[in-house]
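The lines below spell out each chain.
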Amino acid sequence: MQVRFTKMQGAGNDFVVLDETRAPLGLSTAQYRQLADRHFGVGADQILSVRPSPAPGIDFEYVIHNADGGEVEQCGNGARCFVRYVRDKGLTNKDHLRVRTLSGVIEPRLNADGRVTVDMGAPVFELAAIPFDATGLQPEAAGSWQKWPLALASSAQGAIISVAVLSLGNPHAVQLVDNVDSAPVESQGPAVERHAAFPRRVNAGFMQVKSRCEIALRVYERGAGETLACGTGACAAVVAGIRLGLLDGRVDVHTRGGVLTIEWAGGTEGAWAPVLMTGPAVTVYEGEINLRD
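Attention here is on the structure that accompanies the text.

The rules behind the values
- Residues numbered from 1 in each chain as written.
- Predicted model: local features only at pLDDT ≥ 70, side-chain atom pairs only at ≥ 80, totals over all residues.
- Heavy atoms only, no water.
- Salt bridge = Lys/Arg side-chain N within 4 Å of Asp/Glu carboxyl O.
- Helix = DSSP H or I, 4+ residues; strand = E, 2+ residues; numbered from the N terminus.
- Buried < 20%, exposed > 50% of the residue type's maximum accessible area, 1.4 Å probe, protein only.
- Contact = heavy atoms within 4.5 Å.
- 1 Å grid on protein atoms, 1.4 Å probe; cavity = no way out; pocket = protein on both sides within 12 Å on 5 of 7 lines; lining within 4 Å.
- Points joined across faces, edges and corners; volume = space filled by probe spheres on them.
- Nonpolar A, V, L, I, M, F, W, Y, C, P; charged D, E, K, R; others polar.
- Core = buried A, V, L, I, M, F, W, Y, C linked by side-chain atoms within 4.5 Å.

**Some points on the pattern of salt bridges**
For step 1, the next point in the chain: Taken as a whole and judged by the stated rule, the model has 19 salt bridges.
For step 2, the next point in the chain: The closest approach of N and O atoms between Arg 38 and Asp 14, which form a salt bridge, is 2.8 Å. Of this pair, Arg 38 sits in the loop between helix H1 (29-36) and strand S3 (46-52) while Asp 14 sits in strand S2 (residues 13-19), and the two are 24 residues apart along the sequence.
For step 3, the next point in the chain: Taking the relative accessible area as the measure of exposure, Asp 14 reaches 9% and is therefore buried.
For step 4, the next point in the chain: Measuring nitrogen to oxygen at the nearest pair gives 2.7 Å for the salt bridge that ties Glu 226 to Arg 218.
For step 5, the next point in the chain: For Arg 218, a relative accessible area of 8% puts it in the buried group.
For step 6, the next point in the chain: Connected through shared salt-bridge partners, Arg 4, Lys 89, Glu 286 and Glu 288 make up one network.

Quick look at the structure:
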């Protein structure tokens with residue numbers, strides 16, 4: 001099966017983008033894995049599919065598959081690349097779009113400087129909606145919020161860590177570290193991702209607070225492993241930092257792939273403000289690949 005693709009990246013988080021606006025490709029889980037394979041495929045953290053409008057008032061549908069072939073709810077860096085792709089391909093002439101994802105509608109906007117701002121929607125803190133099973137766990141008060149203790153498996157040195165849990169369309173567990181460069185991402189990341197408290201697994205964030213308007217971040221992504229940047233992870237980390245009393249409302253997030261700017265005005269229970277994420281979106285190259293049936 002011959003498939004045309006575009007390789008893109010947003011702050012080093014890289015994607016294979018597929019145009020399914022004319023007809024669905026009908027790819028299997030194995031074919032998504034082949035596309036993402038860095039040795040036998042194109043290589044990517046996620047596969048992004050551009051599909052036609054599913055309803056009035058919506059411009060496109062945005063479907064995301066992780067490198068392991070599984071479909072996921074949201075990808076912030078991918079959303080920025082999505083906008084750049086549909087504009088560059090002439091699929092729309094709009095700068096401000098409404099796009100449906102598995103977790104709801106997002107509103108990305110192409111800025112005059114070439115960067116893209118995405119309204120990621122409001123964060124979710126209700127434990128059942130994240131989802132997070134707190135059975136047997138006792139929260140620790142922190143700032144105006146709380147953190148949760150998690151006991152990790154022996155493969156992660158049997159550590160007990162403290163995490164803030166929330167959803168930005170997909171689940172996140174954010175822990176504070178003294179130095180992001182020496183943080184135990186490789187050992188603790190997989191243990192947090194598959195912890196029993198997260199029935200749909202979770203993205204594990206490791207955040208170093210540099211000042212009230214600047215953090216460094218690494219994220220072990222669910223189904224992809226550590227990536228150079230994670231857009232929803234950056235949003236989750238900043239929201240967590242604000243609620244923990246550590247950060248102001250506009251924060252530059254330094255990832256290994258570049259800088260993302262996150263803004264959040266806070267709010268109250270049931271009326272949380274949306275999170276805004278701004279960053280780059282770049283086309284790397286285009287090509288064709290023959291996928292195994």
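**Description of H1**
For step 1, the next point in the chain: Every buried residue belonging to H1 is among Gln 31, Tyr 32, Gln 34, Leu 35 and Ala 36, and all of these are buried.
For step 2, the next point in the chain: In this fold, the buried residues of H1 make contact with S2, S3, strand S4 (60-66) and strand S21 (282-290).

**Digging into empty space enclosed by the protein**
For step 1, the next point in the chain: This structure, assessed with the given rule, holds 2 cavities of 30 Å³ or more.
For step 2, the next point in the chain: Of the volumes computed, that of the largest cavity is approximately 80 Å³.
For step 3, the next point in the chain: Lining the largest cavity are 14 residues; nearest its centre among them are Gln 46, Gln 74, Asn 170, Asn 203 and Glu 221.
For step 4, the next point in the chain: A per-class count over the lining of the largest cavity returns 3 nonpolar, 9 polar and 2 charged.
For step 5, the next point in the chain: Here the second largest cavity is characterised by a volume of approximately 40 Å³.

**Structural notes on the nonpolar core**
Where a protein is soluble and globular, its nonpolar side chains tend to be buried together.
For step 1, the next point in the chain: By size, the foremost hydrophobic cluster in this structure holds 57 residues, and its most contacted members are Tyr 62, Leu 166, Ile 215, Val 253, Ile 262, Trp 264 and Val 275.
For step 2, the next point in the chain: For this core, the element with the highest residue contribution is helix H4 (residues 231-243), accounting for 8 residues.
For step 3, the next point in the chain: In this structure, Ile 130, Ala 159, Val 165 and Val 185 belong to the second largest nonpolar core, which totals 24 residues.

**Here's the deal with unusual backbone geometry**
Backbone geometry follows two general trends: most residues other than glycine have a negative phi, and most peptide bonds adopt the trans configuration.
For step 1, the next point in the chain: Here Ile 130 and Pro 131 are connected by a cis peptide whose omega angle stands at -5°.
For step 2, the next point in the chain: For Pro 131, the position within the fold is in the loop between strand S8 (116-119) and strand S9 (140-142).
For step 3, the next point in the chain: Within the chain, Ala 11 stands out as a residue other than glycine whose phi angle is a positive 60°.
For step 4, the next point in the chain: Mapping Ala 11 onto the fold places it in the loop between strand S1 (2-10) and S2.

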